[in-house]
Each structure stands twice: as structure tokens, then as C-alpha cells.
Amino acid sequence: MRDGELLEPGQVALLGVPWDAHSSFLRGPALAPRQIRAALQSGAMNLCAENGLDLSSDNRWRDLGDLTIPAGDEAALTTITGAIASVLERGARVFALGGDHAVSFPLLRAYGEAHPGLTVLHLDAHPDLYDELDGDRLSHACPFARALEEGHIARLVQVGIRTLNLHQREQARRFGVEVVEMRDWRPGMDLRLSGPLYLSLDLDALDPAFAPGVSHHEPGGFTTREVLGIIQSLPVPLSGADLVELNPVRDPSGITAALAAKLVKEIMAQMLDDGAAARAARP
Ligand code: MN
Ligand code: MN
């Protein structure tokens, strides 16, 4: 991580969290931040979001590069939470690029501390509520169970879910999670979201036809346009966000990295939107 001391209040820090030590099936997401940056900088796309906001000339965000993740779980968790907390202490916000979904637990530890009453909108094929998976309580299948146990989330709204088993249904009930299963979701559905709001976006929420470069292919998911619609219609600017589970090992064509780069632009634009850009784009 670099230049964190230069952050100003209100700015958004883009921060890579290259950690996939707790992926249950395939490693690879630790390679994602550099692939997403490469897609953003490739020249194949410009840095303009759909609302007209041009990230190439907007100084309200700063790329802090990637965290260096130390060996050992406790050290990794402490490093991630500490880095996020240092950004939040400056009055800035974080947009984190995973890594697998295990990164969300240490991220939300810092966010829960800084933002009591935090609502988390979680887009995913999977609820990630396992108490443990294969004996691993830090698994990328568990981060929301950990964050809820420690009280870092006031309201968890999950959308796109299509893999609920009995254990995870019981976990959702136990923690009061609001689950909108994919089969029940409709465009424009009012999720009654309010701030402070955090978005956790697992790329496997999208159908593997749109996002093949992920570890867990679960058909029946969102189109790209549907996810863009959800992001663009959020009622309050995001206080924080993470984009996780791009697996470059499964993305030889780079199509999923390009999708991730597109989502980076749109999420960043949502975080920075003061209304002016949208009005300029739609007179
Ligand atoms: Mn997930
Ligand atoms: Mn998932």
C-alpha cells in the first residue's frame, strides 16, 4: 500500500487485497488485482463511467496499490483490518479488490468499527454463511458468519443467492439475514437500502455466461446489465465496497477481468457521484 498518508476526507482509496489462502476449491483470486488494473489500463476501454464521470481526470480517488499480505492467518487479518482502518481514520473510503471472499471479514471488521449501523448489500451466488467449511472458519464460504458474530453488520441483505442448503438457511435465520434468492429477484425490486451502505460484490453472482473467470460456476445468475442496474440505482453513495472472486487462472481470454474493470468504473462512479455527473450525462 502506498500514499495512504496523502488521502483526504471524502476520497476513495482503491486497494488490492491479494489474499486467497482460504479458497475452498481453487486458488487464483490473489492474482486478480493486477489483472483488473491491467484491464483498466489496457487501452481497450476508457475510464469513463456511464454517468459521464471520467475517472482518468477525477482526483477524488487514489489507487493505493496492493497490500502486502504476511504469512499466517492472524497476521493477514490484522494487516488487512489495520490498513482499512487507517484509510477510514482519514475520513476516506475504501474500494477493495480481492482476493477471494475471505477478505470481506477483515474489511468489515474495520468498517463495523467506523460505521455503527452498517448495512451490507451482498451480491453472490452463495450466502457465505457457513459456520465452518472443511474445518476452516476463515474460509471464503464463511466471512459473513464471522462478521455477524462479531457484530460488524447491522443489516445484511443478500441478493442473487442460488445455493442455499439447510445449514445456511438456518444460519440466515439465526443471524436475521435478509436473503433475496435469485429465483425471486426482479429488476427494480426495492430493497429499502439506506446508509451507511457497503457493497460486497462476488463476481459469481453473475451468470457464468457473463463471468466465466471465477472459481465456482453457478448458472442461473445475473446478467451484466442487471448488476449495473443495481449499482446505478443505489439510493445513497456507498461508504465502502469490495469486488471479489475474479480468478485469472480461469480467465484466459480476459473477459471476466474486463467485466471486473467495468464494474470498478461503475462502482467508483457511484461512490463519487454527487449528482452532478448524472445530470450532465442526462440533460
Ligand atoms: Mn462469496
Ligand atoms: Mn460466490
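Above this text you will find the structure in question.
Residues numbered from 1 in each chain as written. Chains lettered and ligands numbered in written order. Predicted model: local features only at pLDDT ≥ 70, side-chain atom pairs only at ≥ 80, totals over all residues. Heavy atoms only, no water.

### Describing the sheet that holds strand S3 (residues 93–98)
Stage number 1. An order of S2-S1-S3-S8-S7-S4-S5-S6 is seen for the eight strands of this open sheet, with the pairing classed as parallel. Taken across any chain shown, the strands that pair with only one partner, and hence form the sheet edges, are strand S2 (61–66) and strand S6 (178–181). Strand-to-strand twist across the sheet, computed as the mean angle between neighbouring axes with direction ignored, equals 15°.
Stage number 2. Pairing analysis gives six bridges linking strand S1 (residues 12–17) to S3, with the strands arranged parallel. From the neighbouring strand, Leu15 faces S3, where its bridge partner is Ala96.
Stage number 3. Strands S1, S2 and S3 of the sheet are contacted by helix H2 (residues 73–89), whose axis makes an angle of about 150° with S3. (Pairing = 2+ DSSP bridges. Helix = DSSP H or I, 4+ residues; strand = E, 2+ residues; numbered from the N terminus. Axes fitted to C-alpha atoms, helices over the stretch in contact; angles between N-to-C directions. Contact = heavy atoms within 4.5 Å.)

### Quick word on the pairing of strand S4 (residues 119–123)
Stage number 1. Summarising burial for S4: five of the five residues are buried, a large majority.
Stage number 2. Neither face of S4 is left uncovered, since the one carrying Thr119, Leu121 and Leu123 and the one carrying Val120 and His122 both have all their residues buried.
Stage number 3. Relative to strand S5 (residues 155–161), S4 is paired through five bridges, and the arrangement is parallel. Bridge pairing in S5 links Leu123 to Val159.
Stage number 4. Here five bridges tie S4 to strand S7 (residues 197–202), and the two strands are oriented parallel to one another. Within the sheet, the bridge partner assigned to Leu123 lies in S7 and is Leu201. (Buried < 20%, exposed > 50% of the residue type's maximum accessible area, 1.4 Å probe, protein only.)

### Here we look at empty space enclosed by the protein
Stage number 1. Under the criterion given, the structure shown has one cavity of 30 Å³ or more.
Stage number 2. Computed from the structure, the largest cavity encloses a volume of approximately 40 Å³.
Stage number 3. Around the largest cavity, the lining residues are Trp19, Leu77, Ala102, Phe105, Pro106, Arg137, Leu138, Ser139, Cys142, Pro143 and Arg146.
Stage number 4. In terms of residue class, the lining of the largest cavity is built from eight nonpolar, one polar and two charged. (1 Å grid on protein atoms, 1.4 Å probe; cavity = no way out; pocket = protein on both sides within 12 Å on 5 of 7 lines; lining within 4 Å. Points joined across faces, edges and corners; volume = space filled by probe spheres on them. Nonpolar A, V, L, I, M, F, W, Y, C, P; charged D, E, K, R; others polar.)

### Overview of the nonpolar core
Stage number 1. If you look at the biggest cluster of nonpolar residues, it comprises 49 residues, and the most contacted ones within it are Phe95, Leu121, Leu263 and Ile267.
Stage number 2. A per-element tally of this core places helix H7 (residues 255–272) first, with 11 residues.
Stage number 3. Within the second largest apolar cluster, 37 residues are counted, among which are Leu108, Leu118, Leu138 and Leu156. (Core = buried A, V, L, I, M, F, W, Y, C linked by side-chain atoms within 4.5 Å.)

### Points about H2
Stage number 1. For H2, built from 17 residues, the straight-helix expectation of 24 Å at 1.5 Å per residue is met to within 8% by its first-to-last C-alpha distance of 24 Å.
Stage number 2. On its buried side, H2 packs onto S1, S2, S3 and helix H3 (104–114).
Stage number 3. Gly91, located one to two residues past H2, shows a positive phi value of around 80°. (Expected span 1.5 Å × (residues − 1).)

### Here we look at the layout of surface pockets
Stage number 1. Quantified by volume, the second largest pocket comes out at close to 240 Å³.
Stage number 2. Partitioning the lining of the second largest pocket into residue classes produces eight nonpolar, three polar and four charged.

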